[in-house]
Amino acid sequence: MKIAHIAALIGGLLATGPASAETLIRIGYPGTGIDDRPYAYGDYIAVANVQKLVEAEFKDVPDTKITWTFFRGAGPALNESLAAGQLDFAAGLGDLPSIVGRSRGLQTKYLASAGSHDALYLAVPPDSQLKTVEDLKGHKVAQFRGTNLQIATDRVLEKHGLAEKDIRFVSLDSNSATAALISGNVEASFGGSEYLDLAKRGAVKIIYSTKNDDPTLGRNSGLLVTAEFEKAHPEFTAKVVRAFVKGARFGSDEANRQAVFELWSKAGLPVKSFEADFKDERLAHRLSPVVDDFITARYKDQAARAKAYGLIKKDVDIDSWFETKYLKQALVDLKLENYWSTFDAKGQKATEGEVEHTKAASN
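From a predicted model like this one, the values you see are computed outputs, not experimental measurements.

**Q** Requested: an account of the overall build of the protein, with residues and values cited.
**A** Per the secondary structure count, the protein includes 16 helices and 12 strands. For 363 residues, the compact-globule formula gives about 21 Å, and the C-alpha radius of gyration of the protein, at 22 Å, lands near that figure. Within the protein, the proportion of its 363 residues that are buried is 53%. Considering only contacts within the protein whose residues lie at least 6 apart along the sequence, 78% involve residues at least 24 apart. For the protein, the exposed area adds up to about 16,600 Å²; of that, 51% sits on carbon and sulfur atoms. Computed over 46 positive and 48 negative side-chain charges, the separation of the two mean positions in the protein equals 2 Å.

Structure below.
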């Protein structure tokens, strides 16, 4: 009986096979909230993270674990983690660091836009005599170098007759730049919506915004996957893209405007900062995942500028890098093919999306 019992156990083990290994999906984000809070803000990646949309997409896949890592060192730090094989997806990675990584041999695929038309602000101390971008010449300015903020700043300078050599730049991350500006250790700083609440409280003064300038200015970011992961797990790649598109759909709906701002406030910024940042602007203008002529043109332009500025040594072929089949399928599956507007290479609206007809929820 004992021998028969053991044989039965062995037979059962052979029939069921070895225990299935856990599938780990590792997502990196280039930034943190205030005081290094593990939250993003200002994009649909933050929506998907807080609402756990990626996790929900894999609820029917047993033994799957989703991990998120937020990098205070932004794009450069995320690139290092990609190079070390520690991530599968780069969510919200800025155009410059992703281009730099690509030029240095990082094997990735660009899956979707994660943010476009992202406004840039120039902040100075409240008693500063600086009034325009042109006034920055010869002054000490904070800049998060190596991120998409750098090349976006360079383009602003160029539009206003200046170059990097005309400015005394100090490389500081976002939190450090804010502290340096308030303490008077720098005379100005380029950044995002984090300065709007400070301006409202009188701690800084905003003297320039790309929102009132050339529509091709500002910052762009993308959703990337490592080529290795995409090749090994195309079905998982499709699930991740679909989850993020759901986040973009929720984040782009004007009926969710207040809910989105409150969700972003988990990063430590007040809701009023986002209200000011998106004043007179629809959410979908920045939160679209669509890769249109505007996005393609911006990346080609940024790659060319990065080489011209000496930030990269090799040309980057954008067309072979972009892989949008997963995005296109997600849009079809979710019936969102015409939801977002598209823009031409110069930033002018090419087609109007269904989202333009959604209205904000009444209070």
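**Q** Pulling in residues and values, what's your account of the pattern of salt bridges?
**A** All chains considered together, the criterion is met by 27 salt bridges. Here K300 ties to D319 by a salt bridge, and the two come within 3.3 Å at their closest N and O atoms. Separated by 19 residues along the polypeptide, K300 in helix α14 (residues 293-308) and D319 in helix α15 (residues 318-321) bring together distant segments of the chain. Shared partners join several salt bridges into a network, and the residues in it are D118, K211, R219, D277, E281 and R286.

**Q** So, the nonpolar core: which residues are in play, and what are the values?
**A** Among the nonpolar cores identified, the biggest contains 51 residues, and I27, V54, F89, F244, W264 and W340 are the most heavily contacted of them. Per element, the largest residue contribution to this core is seven residues, and it comes from helix α10 (residues 234-252). Beyond its immediate sequence surroundings of up to four residues, F244 is in contact with I27, Y44, I45, A48, V54, W68, A91 and L223.

**Q** Break down the pairing of strand β5 (residues 121-124) for me, citing the residues and quoting the values.
**A** What you see with β5 is no split at all: Y121 and A123 on one side and L122 and V124 on the other are buried throughout. For β5 and strand β8 (residues 188-191), the ladder comprises three bridges, and the chain directions are antiparallel. Its bridge partner being in β8, Y121 is matched across the sheet by G191. Two strands pair when backbone bridges link them, and β5 and strand β9 (residues 205-209) are joined in this way by four bridges, in the antiparallel orientation. The residue of β9 that forms the bridge with L122 is Y208.

What counts, and where the lines are drawn
Residues numbered from 1 in each chain as written. Predicted model: local features only at pLDDT ≥ 70, side-chain atom pairs only at ≥ 80, totals over all residues. Heavy atoms only, no water. Helix = DSSP H or I, 4+ residues; strand = E, 2+ residues; numbered from the N terminus. Rg over C-alpha atoms; globule rule 2.2 N^0.38 Å. Buried < 20%, exposed > 50% of the residue type's maximum accessible area, 1.4 Å probe, protein only. Contact = heavy atoms within 4.5 Å. Areas by Shrake-Rupley, 256 points an atom, 1.4 Å probe, with all protein chains shown as cover. Lys, Arg positive; Asp, Glu negative; His and termini not counted. Charge placed at Lys NZ, Arg CZ, Asp CG, Glu CD. Salt bridge = Lys/Arg side-chain N within 4 Å of Asp/Glu carboxyl O. Core = buried A, V, L, I, M, F, W, Y, C linked by side-chain atoms within 4.5 Å. Pairing = 2+ DSSP bridges.

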